[in-house]
Amino acid sequence: MMPSPPGGAFRLPGYDLQEPSEADAVAALERVFGPERAADRWSRACREAGVLAGHLATWAQLGRAVASLAEQGGTTAVVARSMEIRMRTFARLSASAAAAAAGRQP
Amino acid sequence: MSAPDPLRDEARLQEIADLDLLSPDVDPILADLAERAASRLGLPVSLVSVVLDEALHVAGFHGPDGLWLAETRGHPVEWSFCATSVRTRAEFVVEDAESHPEHRSNPLVTQDGVRCYAGVPLISSRGHVLGNLCVVGLEQRSFAEEDLAVLRALAEEAVRRIERRRVA
């Protein structure tokens, strides 16, 4: 589990990777679908995930919204997979960095 | 106004969805091609990649145990060597990543030790570049025409196998 909220402020040292955020997910959708279609998809994903679009407060909520986005299928699921991979990468490399800082391997 | 980025082209992403390339059952039909690419070129890592809008997805993988890439099955697209081929539709070779203008500051180079790369684009029957069949090494090296011919042949076989999965 990652810290909350997913504000996108933390950058992983060395990899210069910013913690994924709700704003990143919406921006990714907008780059593919444009603002209107992106907003439709994101609001639906959040509604079906039981979270409030625009106000995701935890990493777990972001994960649920992205998983819900994937269930829309088609190109929306492809964009969702991008976000999932970015979240997985951030989590995995953060864990490695934390383990290294603690003087052990994950 | 700049040209649209092929990475975010909706038709290309639809092609990836139509071919069901994000399914976990893709790896078993592509992993042997990755293994053959790595073996033939004498390099430790080979991927069949699918380049998404914001990330590279590993559809087929061969590499040593313990690589984080095998766990995450991908990485952010801005680190991707394979994304170049989606934009150019051409093969992409990096013989010395530490001196390559686009990749010398890439974390895969600075943090993970990638030093060489060669990738051949996977182009679907509808003309979309899906990703690459590529090899990756931890030492500088040059790639001969025969090396690229091996990758081209394996990439063609990968596309044949991928096309059998078309669902739309």
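Residues numbered from 1 in each chain as written. Chains lettered and ligands numbered in written order. Predicted model: local features only at pLDDT ≥ 70, side-chain atom pairs only at ≥ 80, totals over all residues.

Peer 1: Explain the overall build of chain B to me, please; I cannot follow it from the model alone.
Peer 2: Secondary structure assignment for chain B yields six helices and six strands. Secondary structure elements of chain B, listed N to C terminal, follow the sequence α-α-β-β-α-β-α-β-α-β-β-α. With the principal axes as the frame, chain B shows a C-alpha extent of 40 × 40 × 30 Å. A sequence separation of at least 24 residues applies to 61% of the contacts in chain B between residues at least 6 apart. (Helix = DSSP H or I, 4+ residues; strand = E, 2+ residues; numbered from the N terminus. Contact = placed C-beta atoms within 7 Å.)

Peer 1: Help me understand the sheet that holds strand S3 (residues 74–76) of chain B in this model?
Peer 2: Across a sheet, paired strands are connected by hydrogen bonds in the backbone, their directions being either parallel or antiparallel. All names here are of chain B. Taking strand neighbours across the sheet as the criterion, the six strands line up as S3-S2-S1-S6-S5-S4 in an open arrangement whose pairing is antiparallel. A strand with exactly one partner marks an edge of an open sheet, and here the two such strands are S3 and strand S4 (92–94). Averaged over all neighbouring strand pairs, the angle between strand axes comes to 25°, with direction disregarded. Most of the contacts of helix H2 (residues 27–41) go to strand S2 (residues 55–62), to which it runs at about 75°, and overall it touches strand S1 (45–51), S2 and strand S6 (129–137). On top of the sheet, helix H6 (residues 145–163) reaches S1, strand S5 (116–123) and S6; it is set at about 40° to S5, its chief contact. (Pairing = 2+ DSSP bridges. Axes fitted to C-alpha atoms, helices over the stretch in contact; angles between N-to-C directions.)

Peer 1: Sorry, what's going on with the pairing of S2(B) here?
Peer 2: Working note: regular strand, side chains alternate between the two faces of the sheet. All names here are of chain B. Burial of S2 is extensive: seven of the eight residues sit out of reach of the surface. The pairing of S2 with S3 spans three bridges and is classified as antiparallel. By the bridge assignment, His57 is partnered in S3 with Gly74. (Buried ≥ 20, exposed ≤ 12 C-beta atoms within 10 Å, placed from the backbone.)

Peer 1: Hey, could you run me through the nonpolar core in this one?
Peer 2: One recurring pattern in soluble globular proteins: nonpolar side chains tend to sit buried together. Within the largest apolar cluster, 79 residues are counted, with the highest numbers of intra-cluster contacts made by Ala37(B) and Leu133(B). The greatest single-element share of this core, amounting to eight residues, is contributed by helix H4 (residues 74–101) of chain A. (Core = buried A, V, L, I, M, F, W, Y, C linked by C-beta atoms within 7 Å.)

Peer 1: How should I be thinking about the interface of chain B and chain A in this particular structure?
Peer 2: Size of an interface, as often reported, equals the accessible area lost when the parts are brought together. Contact with chain B, which involves 20 residues of that partner, is made by 22 residues of chain A. Take the side of chain B that touches chain A: its biggest share by element is five residues, from helix H1 (residues 10–18) of chain B. Grouping the constituent residues of the side of chain B that touches chain A by class yields nine nonpolar, six polar and five charged. (Nonpolar A, V, L, I, M, F, W, Y, C, P; charged D, E, K, R; others polar.)

Peer 1: Would you take a moment to explain the packing of H4(A) against H1(B) for this structure?
Peer 2: A packed helix pair is summarised by two numbers, namely the angle formed by the two axes and the spacing between the axes. Between H4(A) and H1(B), the shortest axis-to-axis distance is 8 Å and the interhelical angle comes to 90°. In terms of axis orientation, H4(A) runs roughly perpendicular to H1(B). Between H4(A) and H1(B), the residues in contact are Gly74(A), Thr75(A), Ala77(A) and Val78(A) and Glu10(B), Leu13(B), Gln14(B), Ile16(B) and Ala17(B), respectively. Residues of the contact of H4(A) with H1(B), tallied by class, amount to five nonpolar, three polar and one charged. (Parallel < 35°, antiparallel > 145°, perpendicular 65-115°, else oblique.)

Treat this as a map of the structure, not an account of what it does.
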